Each structure stands twice: as C-alpha cells, then as structure tokens.
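Fold and contact review
Letter by letter, the chains look like this.
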Amino acid sequence: MEIKEKLIEKILLFIALSSISILALIAFFIFGEGLPFIWKIGPHAFLLGERWVPSHGEFGILPMIVGSFWVTLGALLLGIPLGLACAIFLCEWTPPLAATFLRPAIQLLAAIPSVIYGFWGLVVLVPLVRTYLGGPGLSILSGSVILGFMILPTIISISEDALRALPPYYKAGGLALGATHWQTIWRVLIPAARSGIVASIILGMGRAIGETMAMIMILGNAVKMPSSFLDSARTLTTNIGIEMGYASGSHRQALFATGVILFFIIMILNSSAIVLSRRRVE
Amino acid sequence: MNPNLKALLSFLTFLLFLSVAVGCQRSKAGITVAGSTSVEPFAELLAEEYMMKHPHSRIYVQGGGSTAGIEAVRSHAAHIGMSSRSLIGREKSLHAITIAKDAIAIIIHPQNPVQNLPLVKVRELYSGKIKNWKELGGKDHSIILVTREEGSGTREAFQRLVMGEEEIALEALVQDSNGAIRQVVAGDPNAVGYISLGLVNEKVKALNISGAEPSVINIERGRYHLVRPFLFIFNEEPAGEAKTFLDFVMGPEAQRLLSREGLVSILSKF
Amino acid sequence: MRSNRLRYVTQSVAKILIWIAALSTIAVMILILFQILREGLPILRLSFFTQSPKSMGREGGILTPIIGTVALTVVAIIVATPLGVGTAVFLREYTRESRISRVIRFGTDCLAGVPSIIFGLFGFVFFVIYLNMGWSILSGGLTLAAMILPTIICTTEEAIKAIPYSFREVSYSLGGTKWQTVTRAILPNALPGIFTGIILSVGRSIGETAAIILTAGSSLVMPTSLFSPIRTMAVHFYILAREGISMEMAYGTGAALILLVLFVNTIANGLLNRYIRHRS
C-alpha cells in the first residue's frame with residue numbers, strides 16, 4: 001500500500017513536470033533553430049537592421065519590431081479605455097438589463113475565432129479606411145482597431161476580477177467621506193485595483209503582440225518601416241506566418257530567430273503580469 | 001485487481017501506445033504532394049480527377065511554397081514536391097519533371113483604364129520609380145504595389161523575368177498566395193499585382209505586356225514572355241503510386257484539363 | 001457650491017462615456033455576427049454539412065473540414081486531459097506551496113500566454129520534422145494539446161479548490177489512502193469543473209488557425225489515419241476567404257464556425273456558472 005502510494009505520487013509529479021516541460025521543449029527547439037542564426041549575423045544587425053530582403057541575405061527585423069509596437073499601441077489606445085469602462089460598468093453601474101447583454105457579448109468576443117475578426121476587418125473595415133482616409137486600407141489603423149476589440153475580453157475580465165476583489169469598505173469609505181460615486185471609482189477603487197488592472201493590460205498586450213492570422217489578413221505585410229497609421233506594416237508574428245511555409249536554409253533560421261525575439265517579449269510580459277497579479281493576491 | 005490500479009495501468013498503457021505511435025515511422029497509404037501555392041490549385045484538380053478514377057488511392061495536396069515543397073521531398077516529408085521555379089544549387093540533385101508551363105499575368109482593377117505596359121515600365125513600376133498611375137496613362141492617384149513574399153516561386157520567377165537586377169520596392173504590400181493578391185487587387189482600384197495566368201478571373205484585368213495579350217496562343221508562339229515551368233519534384237526515379245499519378249498527370253486527359261484551366265500543356269506543339 | 005456641482009457634472013459625463021463604451025462593445029459584437037450570419041446562414045443547408053468540398057471548396061460542402069476539426073480536437077483532449085488533471089491533482093493534493101509547485105505554476109501561467117504562432121513553429125520542428133510525423137492529425141492534435149493544457153490545469157485546480165476540506169477529512173477518517181481520497185472523493189466532485197475546462201478547450205481548438213496550418217496542413221482529402229494531413233473548419237474558412245476561392249462558401253463556413261463556437265461556449269458558461277462560481 002505504502003509503495004503504491006509513493007509510486008502514484010511519483011507518477012503525478014512526473015505528469016506535472018512533463019506538463020511544464022512543454023514550455024522547456026518549445027524554448028529548446030525554437031532557440032535551437034534561431035539563436036545560432038542571431039549569433040551568426042550578430043544581434044545588432046538582426047535587431048536594428050532596417051532591411052528584410054532574405055534573397056539578398058539581409059535580415060533586419062527592425063521594421064517588424066516597429067510594426068508590432070505601433071499596432072499594439074493602437075490596440076491599447078482603443079482597448080484600455082473601452083475595457084476599463086466596461087469593467088467599471090459591470091462591477092459598479094450595472095443596470096440589470098444592460099449587464100445581461102454586456103456579459104454574454106464579452107464572452108462572445110472572447111470566443112470568436114481570430115480568422116473571423118480578420119475577415120470582418122478585411123470586408124468591412126479595410127474598405128472604409130481606404131475610401132475615407134486613403135492609402136491601401138490594409139494598414140496599422142485597421143489592424144489596431146480589430147486588435148483593440150480582440151483584446152477587450154482579456155482586459156475586461158481581469159480588471160473586473162481586480163475591482164471585485166477589493167474589500168467593500170473601500171467603496172463604503174469613499175462614499176462616506178462625501179465623494180460622489182464616480183470620485184470613489186476614479187480616486188479610490190481604480191488606484192486600489194491598480195496592479196490587477198495593469199496585469200490585465202499587460203496580458204492584453206501579450207495577446208495583441210501574439211496575434212497572427214487576423215493581422216496577416218489586415219496589415220498588408222509590407223516590410224518597409226511604417227511612417228503613418230495609414231501605412232501597411234508587418235509584425236513579428238506575421239513575418240513568421242507569411243513566410244514560414246516558403247522558407248529554407250538561413251531564411252528559415254531567420255524566421256525562427258524572429259520567433260526567439262517574440263518569445264522573449266512575451267515571456268517578459270507574462271512574467272511581469274504574473275508577478276503583478278501575485279502581489280494583488282498577497 | 002484493485003480498480004484504481006487498473007485505471008492507472010490502463011493510463012500507462014495508453015501513454016505507452018502513444019509513445020509507440022509517436023516513435024513509429026508513419027505508415028500511411030497515399031501520396032503527399034506539397035509545395036508551391038501556384039501549382040497547388042491545379043494539383044488539387046488533378047488529384048480530384050485521379051481519385052475519381054482510382055477510388056482507393058489517396059493524394060494529399062498541401063501548400064507551403066516551392067522551397068518548402070522541395071525541402072519536404074528531400075526530407076521525405078512528402079512524396080512529390082511542387083515547384084513554380086527551376087531548381088537551384090544543391091536542389092539539382094533531385095528529379096524535376098515539367099508538368100506544364102504557366103504565364104505570370106500583371107493584374108489591375110477592372111476600372112483602371114491602363115491596358116498595356118512595356119516590360120520596362122513594369123520594372124520601373126515595381127522598383128518604385130513610377131509612383132502615380134498618371135505617368136502610365138491612368139488616373140491621378142498613387143499606385144499600390146502588391147507582391148508575393150520572399151521564397152515564393154512566383155516572386156522568384158517575376159524577379160528573374162521582369163526585374164532582373166532591380167529590387168522590388170519595399171513599400172509593396174506582401175500577400176502569400178495568388179488568390180490573396182487577386183483579392184487585394186479586386187478590391188482596390190489603384191492596386192497592381194502579379195499572379196498565375198490560370199487564376200485570373202473576371203474580378204481583375206490582366207495587362208498586355210509590350211503589346212502581347214497574356215493568352216495561351218501568345219505564350220505558345222513565344223510572344224508573351226513572362227512564362228515559367230510548373231515542376232513536380234521527386235527524390236529518386238518515381239515508382240509505385242507516385243509513378244502512376246505522374247503518368248496520369250502527363251497523360252493527354254490531365255493535360256487537356258490543365259490547358260482548360262489556363263496553363264500551357266507540355267503536349268503543345270510550340 | 002460650484003465645485004460641488006462640477007463633481008456631479010463630471011460624474012454624469014463619466015457615466016455617459018461608460019455607457020457609450022459598453023454599448024459600442026455590444027454593437028461591435030452584433031455587427032460582426034450580423035455580417036457573417038446574414039451572408040452565411042442561407043448557405044447552411046443540410047447538404048452543406050454532408051458533402052465534401054469539391055474543386056478546392058468552390059462547390060460542395062464542408063464535411064472534411066468538420067471531420068478535421070473533430071479529429072484534431074479529440075486528439076488534443078485525449079492527450080491533454082490526463083496530463084492536465086494529473087498536474088492539477090499534484091498541485092492541489094500532493095504538494096503545498098513548495099518550490100516545485102511554484103515552478104510548475106509559473107510554467108503553466110507562461111504557457112498560457114505563448115502566442116499560437118510559436119506553438120505552430122514548435123509543432124512544426126518537433127512533431128512534423130523531428131519526430132517525422134509529417135503534417136498530420138497527430139502533429140496538429142499534439143500541438144493543440146500543448147496549447148489547451150494550461151486551461152485544463154487551471155479549471156481543474158479551481159474545481160478541486162472549491163471542494164470543501166471536510167470531504168477529505170471524511171475519506172481519511174474512514175481509513176482511505178491519499179490516492180483513494182483523490183479518486184473517490186476529489187475527482188468525482190471535481191468532474192463538472194474538469195468538464196468545463198474540456199469544453200473551454202474545445203472552443204479554443206475549434207477557432208485555432210495559425211498553429212494548425214503549420215502542423216496539420218491543409219489537405220481537403222478525407223483522412224484515413226492519424227497520420228493523414230487534414231484541414232479544419234477555421235483553416236478552410238481562412239483559405240476560402242483569403243484566396244477569394246468562393247466568398248459564398250467562405251461565409252457559409254464562417255457562419256457554421258460561429259454557430260459551433262457559440263454553442264460550445266454557451267455550454268461552457270452554463271457549466272461554469274452552475275458548478276464553479278456557485279460553490280466558491
């Protein structure tokens with residue numbers, strides 16, 4: 001009996017370790033393909049090179065880093081105010097009827113596959129941008145708007161949890177001091193839930209940076225450094241997504257190296273979000 | 001036996017089974033054809049026809065791109081590679097068989113008044129020297145270039161046949177298939193792209209190049225020059241099922257099918 | 001007095017803005033669904049679900065992509081469930097806050113945030129090339145299993161956490177061993193939670209594209225074994241729409257995809273509300 005129990009514990013430990021070893025495997029295989037390449041051409045040339053012309057042996061991913069940055073920033077500009085507003089709406093001002101619509105709507109937004117978002121952006125948003133604002137329509141602006149809605153559910157659900165986790169006397173105290181409901185929300189509740197809200201924004205950022213299919217469809221994927229919100233751009237993910245199938249030799253290694261950079265960025269974002277939400281729990 | 005132990009044992013058996021399945025070489029019936037997305041739609045049609053005739057055969061057609069297809073054949077991940085460009089460098093050790101020839105059409109929106117461009121102008125257009133349709137006899141509007149991604153066989157053929165030493169402008173939008181380029185051009189009155197002639201449809205307009213309309217006749221007579229081969233790539237001499245499929249593809253019936261779809265048959269006299 | 005009025009004006013303005021934000025979120029969701037369903041629902045006849053696609057998807061139905069979606073999801077669930085439940089049981093019942101549990105938790109949290117294209121790259125080098133499984137149901141399914149593992153671990157943990165401590169005490173006091181406690185007291189009671197995790201993962205598997213296109217391929221041929229390549233509904237939709245093969249079929253596939261995802265999510269949310277939130 002004793003031996004069996006010990007054995008089971010060992011097996012469960014083994015299962016648990018193999019679950020996280022997937023992360024190690026991912027890192028191992030992607031780094032194994034990508035790191036030697038970065039080493040070969042030099043991190044400087046790779047990260048700060050402005051030209052991506054694999055057929056000429058030029059592998060600079062700065063345009064993609066910049067592209068990812070702008071698209072993510074645009075998505076956050078839309079997603080943060082909208083997401084926070086929805087979170088406040090759900091925890092503080094919930095007319096029952098509106099909440100019964102909003103909550104399923106947010107769950108749906110989270111459930112809709114990214115290809116559907118991409119397609120909708122392509123058939124509805126892109127022609128609008130092209131007609132009214134000019135340029136090819138396949139642009140950072142269109143991509144940002146779509147991404148902004150895609151990250152909404154992440155921002156809303158985690159900030160809502162953070163707001164709900166606050167002890168009730170925060171709100172009671174604010175109101176008792178004669179502050180209006182809005183002042184209590186703005187000056188007391190939001191600052192108190194700060195770390196959870198920041199964690200939600202970081203996770204939303206992670207989702208925005210990691211999105212691939214919708215962005216391939218909407219961004220236009222030009223490799224030039226974007227100079228306006230109406231320009232086409234390419235992100236780190238779409239660089240991999242659009243060229244992976246076709247690449248071989250050092251071109252393929254370069255795409256894995258792009259994956260290494262993406263992996264790094266995501267890991268930094270994830271771990272800071274995890275640390276922040278841990279702090280909130282304690 | 002204790003039921004818990006039994007459950008545990010069956011779980012372990014399952015894991016064992018899984019690892020055996022993983023460790024084993026895959027033993028699947030059928031032929032995998034992988035590679036160029038330009039050849040893919042035609043290969044799908046051929047596979048459909050072939051499977052109609054041989055109901056027990058399985059032909060799996062898979063995109064990925066010319067280079068990936070060639071790599072897949074080399075690493076035995078696929079039986080047949082599809083390529084829309086000639087083999088280069090160490091790839092030449094593989095067997096390449098031309099199954100048809102295809103033209104590259106320069107396409108624009110049907111509302112765009114431009115009809116004809118000399119080859120030189122196409123080069124200037126794609127290198128970014130010409131930036132406005134006005135310079136080519138069109139409306140006063142900036143040009144939206146659309147190109148294929150690095151590694152695409154169509155892009156390599158376009159580079160070789162049109163651009164020569166010139167580089168395709170970096171501001172060009174990049175799409176990863178003929179169909180995607182056609183979609184962008186069909187939706188944007190100021191866009192220009194290049195795709196396989198067989199895939200031109202009524203939503204876009206193919207330009208005449210140096211006065212020659214892109215048509216099967218003009219290609220066969222050598223008047224339209226933007227032509228590249230469609231290849232099937234094999235690791236060694238094709239044998240077995242792959243050979244049967246190849247024979248079917250090279251046969252008159254399949255070749256008729258290909259020319260109906262806008263390709264130039266290898267059986268053509270010219 | 002004036003500043004007092006100002007406070008209430010600010011409050012009203014804020015309220016209005018928040019209303020606008022909430023309403024526009026609902027509006028966008030409705031717009032997206034409306035667009036796809038309006039064009040797509042008329043396509044959804046019975047034959048659309050029972051026929052295989054013909055001439056690259058221009059005609060016929062979506063039978064093979066449906067089979068592809070089901071096959072990949074089943075493989076992913078079969079592989080991920082024992083791993084995920086085992087990990088959750090280990091974390092909750094076999095270890096308290098120790099270094100190893102912190103490492104495992106951090107690992108799963110990180111895994112949850114890894115973008116799908118990275119999973120795709122990994123599945124491509126590891127399953128497709130290194131293990132020589134080719135583009136296949138197995139490669140795609142295993143890649144998906146890695147993606148849904150964090151969801152299953154997390155929901156199972158929540159479900160186990162919600163089980164009152166008294167259940168364990170009763171089991172131990174009756175002389176049950178730890179493993180007996182787990183299999184007879186913990187897991188049966190955590191079952192609805194585990195099931196919710198599985199349904200949520202099904203939802204994610206159905207919508208996934210980037211990782212699958214790199215690992216399971218995009219073949220439209222009816223699969224014959226775990227090693228056959230396959231195209232899922234999401235991939236089929238992507239290819240039809242992006243390459244403009246047939247907008248009609250794309251809308252049809254998109255509508256079917258949305259209905260399926262809605263269905264799965266409604267079940268998941270129903271379960272979630274019933275079993276997890278209430279108990280805790």
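Residues numbered from 1 in each chain as written. Chains lettered and ligands numbered in written order. Predicted model: local features only at pLDDT ≥ 70, side-chain atom pairs only at ≥ 80, totals over all residues. Heavy atoms only, no water.

Residue and element names in this part refer to chain C. Position of Thr-151 relative to the elements: it lies in helix H6 (residues 137–161). Sequence separation between Thr-151 and Ala-112 is 39 residues, and the spatial gap between their C-alpha atoms is 7.4 Å. Non-local contacts of Thr-151, meaning those with residues more than four positions away in its chain, are made with Gly-197, Leu-200 and Ser-201. (Helix = DSSP H or I, 4+ residues; strand = E, 2+ residues; numbered from the N terminus. Contact = heavy atoms within 4.5 Å.)

Residue and element names in this part refer to chain A. With respect to the element layout, Glu-92 can be found in the loop between helix H3 (62–91) and helix H4 (96–111). Taking the relative accessible area as the measure of exposure, Glu-92 reaches 18% and is therefore buried. A polar contact of 2.9 Å, which involves the side chain of Glu-92, links it to the side chain of Lys-171. Among residues more than four places away in sequence, those in contact with Glu-92 are Lys-171, His-181, Ile-185 and Leu-189. (Buried < 20%, exposed > 50% of the residue type's maximum accessible area, 1.4 Å probe, protein only. Polar contact = N/O pair within 3.5 Å; in protein donor to acceptor, adjacent residues only side chain to side chain.)

Further remarks concern the domain arrangement of chain C. Residues and elements named next belong to chain C. By the assigned domains, chain C splits into domain 1 (2–43) and domain 2 (46–279). Domain 1 and domain 2 are separated by 33 Å when their C-alpha centres are compared. Residue-level contacts link eight residues of domain 1 with eight residues of domain 2. Both faces combined, the contact of domain 1 with domain 2 buries some 800 Å², and carbon together with sulfur accounts for 85% of it. The largest contributions to the domain 1 side of the interface with domain 2 come from Ile-36, Leu-37 and Ile-43, which together make up 60% of the buried area. At the surface where domain 1 touches domain 2, the tally comes to zero salt bridges. (Domains from an automatic or database assignment. Buried area = accessible area lost by both parts, 1.4 Å probe. Salt bridge = Lys/Arg side-chain N within 4 Å of Asp/Glu carboxyl O.)

With that out of the way, let us pick up the side chain of Thr-253 of chain C. Residue and element names in this part refer to chain C. Relative to the elements of secondary structure, Thr-253 occurs in helix H11 (residues 247–279). Side-chain polar atoms of Thr-253 contact the backbone oxygen of Met-249, separated by 2.7 Å. Apart from residues lying up to four places away in sequence, Thr-253 is in contact with Phe-48, Ile-62, Met-233, His-236, Phe-237 and Leu-240.

Another aspect to go through is unusual backbone geometry. Phi is positive for Asn-221 of chain A, which is not a glycine, with a value near 65°. Backbone geometry places Ser-210 of chain B, a non-glycine residue, at a positive phi of 50°. Secondary-structure assignment places Ser-210 of chain B in the loop between strand E10 (208–209) and helix H7 (216–220).

Let us look at the packing of aromatic side chains. Residue and element names in this part refer to chain B. Tallied over the full model, the rule gives 29 aromatic pairs over all chains. When the centroid spacing of 5.9 Å and the interplanar angle of 45° are considered together, the rings of Phe-42 and Phe-230 count as tilted. Of this pair, Phe-42 sits in helix H2 (residues 40–53) while Phe-230 is found in strand E11 (residues 227–234), placing the two residues 188 residues apart along the sequence. This pair shows no difference in class: Phe-42 is buried, exactly as Phe-230 is. (Phe/Tyr/Trp six-rings, centres within 6.5 Å; stacked < 30°, edge-to-face > 60°.)

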